[in-house]
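Tertiary structure, described
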Amino acid sequence: MAQQEASAGDTPSFSWSKDNLPKQLFINNEFTEAKNTKKLEVYNPKDGSLLANDVALAGEHDVDAAVAAAEAAFPAWKKTLATTRRDLLLKLADLIDEHGVRLAELTRLSLGAPFASFGSFEIKGTAEAFRYFAGWCDKFAGESYPQDDGFMKIVRNEPLGVTAGIIPWNGPMATAALKSAPALATGNCFILKPSEKTPFGALALGSLIKEAGFPPGVFQILSGDGSTGALLASHMKIRKISFTGSTATGRKIQELAAKSNLKRITLELGGKSPAVVFDDANLENAIFWCVNAICGNTGQICFAASRVYVQEGIYDKFLEGYKKAMEERAKTVGDPDAAETLMGPIVDKLQFDRVSGFLERGRDQGTLLTGGYRIGEQGFFVQPTVFTDVPEDAEICKREIFGPVAILNKFKTEEEIIAKANDTNYGLMAGVFTQDINRAMRLSSEIDSGMVGINCVSLAFLVTPFGGTKESGTGRENAIHVLRMFTEPKTIMINLTY
Ligand code: NAD
């Protein structure tokens, strides 16, 4: 009933809350009952309780309906004035700010991210992403080349058409913005497929999209699971998938894209990022960043520095300070709805069981320095954990855990640590802590990853490219780089010789 009330009228007011969850698809600017009768179940990780068992799971007909609406909207949207697109994105950013507390709550319900830490940070970042890409709408210029040979050459950046974003649960609002904003700014229509674990914040955006004034079919939202994602990835009329999620799913998407219409893909995948602390590093600063890196969003961050390597001269001091700081952070774990909580639970039972498995097996693979166990009996809380002296080939050193679990190992030489840092299939992020600028620059070049922090780690900016090497993905988000991922450069040659 509440769903119907929200969809009635031209401008739905933002009435979504924990007592009125958005559960329908957002197609052609209307909240719509899915044709597919299968539904999603969504749980609260703080106590394992069921939040809803009737959230729409978009099936084939629903995906087709959204694609058809997007195709119908594309010709006019492509020709819409850049400044009009800018204003729509800016308006959406303002509405996200206005309803930020509610959007964060809708996300928190099933992600468990406290407002005081990740919740408010994510909402601010989401609005900022829409503003940043709004600014690009009338500035993403093409190129032109001289007519010295009798031909004037022009390169235009043209939108692809119907594009889609498939996103994970760990930053559902921010990843939605980082994909949709550049797609829309460059004149594409966009279909968002949020994770089955965290659909509410994304679905609620539907009301704001309509209120901002986006034309029907331009920006749509299909809740669903992997089957919905697969339908999008294999759809013959979708021209691009921007995906963020696990490496395993990324492989499947690449395959589906290749087997269907060779649609463009961007893959932002997992990581096992190293932080390297040299003897001359500022100890306090290195500890601060290394703790934040693995505790932020309960360690559920793709670019978390989960392998910490410390040079032998400073190792004992670092170990002592790092242990203390992790134990201080452990005191902030609790009910994500409580104002003082900084660390919430793991997102759901599946992920909790996965992390618990690593904790259990990790005790045989290394020495437990701190943490290592579940907190309480209810919900999916785990202690911030550090294992030391872990063999380089151990599972906890090689595989992405995606929880607040770090390994801490000692090293002697620069040569040795470059080899260790690069001995991974991933290449998303790295951190180098040292006062020696020459060494920092050497390592930033030698480490094979998309991003390297010097005296910082596990952070990102809208103005610089974001993404990984090797199995951490392909393509880049943010900055001008993502605009290129959502456009086709078209060359026009004008013959001036006749
Ligand atoms: P996931 O791969 O399980 O799911 C991600 C999304 O893909 C979900 O929306 C899911 O429904 C969909 N999906 C699942 N199977 C699919 C299929 N066969 N075809 C199409 N879509 C499918 O990942 P997750 O568990 O939601 O997220 C955690 C992972 O995401 C971690 O590995 C993490 O490192 C990664 N991640 C990466 C970044 C980055 O920018 N590099 C950012 C955040 C998270």
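Just so you know, these numbers come straight off a predicted model, no measurement behind them.

Overview of the overall build of the chain
Scanning the chain for helices and strands turns up 16 helices and 22 strands. For 498 residues, the compact-globule formula gives about 23 Å, and the C-alpha radius of gyration of the chain, at 23 Å, lands near that figure. Along the first, second and third principal axes, the C-alpha set of the chain runs to 70 × 70 × 40 Å. Looking at the chain as a whole, 57% of its 498 residues qualify as buried. For the chain, the share of sequence-separated contacts (at least 6 apart) that also reach a separation of at least 24 residues comes to 74%. Put simply, the chain shows about 20,000 Å² of open surface, and 53% of that area lies on carbon and sulfur atoms.

Comments concerning the nonpolar core
One recurring pattern in soluble globular proteins is that nonpolar side chains are buried together. L92, I96, F130, F214, L222, L232 and I241 are the most contacted members of the largest nonpolar core, which has 85 residues in total. Beyond its immediate sequence surroundings of up to four residues, I96 is in contact with L103, I123, T126, A127, F130, L205 and L208. Among the nonpolar cores identified, the runner-up in size contains 35 residues, and C295, L369, L428 and F466 belong to it.

Considering unusual backbone geometry
Notably, N455 is not glycine yet its phi reads approximately 60 degrees, a positive angle. Relative to the assigned elements, N455 resides in the loop between β20 (451–454) and β21 (473–474). On the accessibility criterion, N455 (26% relative accessible area) is partly exposed. The phi dihedral of N478 falls on the positive side, at around 70 degrees, and the residue is not glycine. As for its position among the elements, N478 is in the loop between β21 and α16 (479–485). A relative accessible area of 4% places N478 in the buried class.

Quick word on the environment of I294
Of note, I294 is situated in helix α10 (residues 283–295). Other than its neighbours up to four places away in sequence, I294 contacts G299, A304, A305, S306, Y322, M326, G403, P404, V405 and A406.

Side note on the packing of aromatic side chains
For the structure on display, the rule yields 14 aromatic pairs. Relative to F31, the ring of W16 has its centre 5.1 Å away and its plane inclined at 65 degrees; by these criteria the two rings are edge-to-face. Remark: F31 occurs in strand β2 (residues 30–32) and W16 occurs in the loop between α1 (2–7) and β1 (25–27); sequence separation between them is 15 residues. Each member of the pair, W16 as well as F31, carries the same accessibility label: buried. Between F278 and F411, the ring centres sit 5.3 Å apart and the planes meet at 85 degrees, which makes this aromatic pair edge-to-face. Of the two residues, F278 sits in the loop between β12 (273–277) and α10 while F411 sits in strand β18 (residues 405–411), which places them 133 residues apart along the sequence. Both residues of the pair, F278 and F411, count as buried. One aromatic cluster is present, built from ring pairs that chain together W77, F190, F214 and F219. Here K240 stacks its cationic end above the ring of F486, 5.0 Å away from the centre of that ring.

A look at the domain arrangement of the chain
Domains assigned within the chain are domain 1 (25–269 + 473–490) and domain 2 (274–462). Listed by partner, the interface residues are 27 residues for domain 1 and 28 residues for domain 2. Of the roughly 2,100 Å² buried where domain 1 meets domain 2, counting both sides, 58% is carbon and sulfur surface. Considering only the side of domain 1, the residues that lose the most area to domain 2 are P45, K46 and W169, jointly responsible for 27% of the buried surface there. Where domain 1 meets domain 2, there are four salt bridges.

A closer look at helix α14 (residues 414–422)
Of all the positions in α14, only E414, I417, I418 and A421 are classed as buried. Buried residues of α14, viewed axially, fall in a sector of 105 degrees; they line one side. Looking at the buried residues of α14, the elements they touch are β12, β13 (305–311), β18 and α15 (437–446).

A short note on the sheet that holds strand β19 (residues 429–433)
Pairing is mixed across the open sheet formed by seven strands, whose spatial order is β14-β17-β18-β13-β12-β19-β20. For this open sheet the edge positions go to β14 (367–370) and β20, each flanked by a neighbour on one side alone. Mean inter-strand twist for the sheet, computed between neighbouring axes without regard to direction, equals 25 degrees. Both strand β17 (residues 385–388) and β18 contribute to a ladder of four bridges, which runs parallel. If you follow T388 over to β18, its bridge partner there is L408. Running over the sheet, helix α12 (residues 349–365) touches β14, β17 and β18 and is turned about 30 degrees from β17.

Observations regarding the site of the ligand
Of all residues adjacent to the ligand, which total 28 residues, the nearest are K193, E196, S246, L269 and E400. Backbone polar atom of G245 to an oxygen atom of the ligand: 3.2 Å apart, as the coordinates give it. Protein chains shield 88% of the accessible area of the ligand, which is 850 Å² for the free molecule. Among the secondary structure elements, those contributing two or more residues to the shell around the ligand are α8 (226–233), β10 (240–244) and α9 (247–259). Looking at side-chain class alone, the shell around the ligand contains 13 nonpolar, nine polar and six charged residues. Each of domain 1 (25–269 + 473–490) and domain 2 (274–462) contributes no fewer than three residues to the shell around the ligand.

Some thoughts on helix α11 (residues 312–330)
Over its 19 residues, α11 extends 26 Å from the first C-alpha to the last, a length consistent with the 27 Å expected when each residue adds 1.5 Å. Maximum bend of α11: about 30 degrees, positioned at F318. Along α11, the positions that sit buried rather than exposed are I314, Y315, F318, Y322 and M326. Structurally, α11 contributes buried residues whose contacts are with β12, α10, β13, β14, β17 and β18.

About the thresholds
Residues numbered from 1 in each chain as written. Predicted model: local features only at pLDDT ≥ 70, side-chain atom pairs only at ≥ 80, totals over all residues. Heavy atoms only, no water. Helix = DSSP H or I, 4+ residues; strand = E, 2+ residues; numbered from the N terminus. Rg over C-alpha atoms; globule rule 2.2 N^0.38 Å. Buried < 20%, exposed > 50% of the residue type's maximum accessible area, 1.4 Å probe, protein only. Contact = heavy atoms within 4.5 Å. Areas by Shrake-Rupley, 256 points an atom, 1.4 Å probe, with all protein chains shown as cover. Core = buried A, V, L, I, M, F, W, Y, C linked by side-chain atoms within 4.5 Å. Phe/Tyr/Trp six-rings, centres within 6.5 Å; stacked < 30°, edge-to-face > 60°. Lys NZ or Arg CZ within 6 Å of the ring centre and 35° of its normal. Domains from an automatic or database assignment. Buried area = accessible area lost by both parts, 1.4 Å probe. Salt bridge = Lys/Arg side-chain N within 4 Å of Asp/Glu carboxyl O. Arc of directions from axis to C-beta. Pairing = 2+ DSSP bridges. Axes fitted to C-alpha atoms, helices over the stretch in contact; angles between N-to-C directions. Near = heavy atom within 4 Å. Polar contact = N/O pair within 3.5 Å; in protein donor to acceptor, adjacent residues only side chain to side chain. Nonpolar A, V, L, I, M, F, W, Y, C, P; charged D, E, K, R; others polar. Expected span 1.5 Å × (residues − 1). Bend = angle between axes of the 7 residues up to and from the residue.

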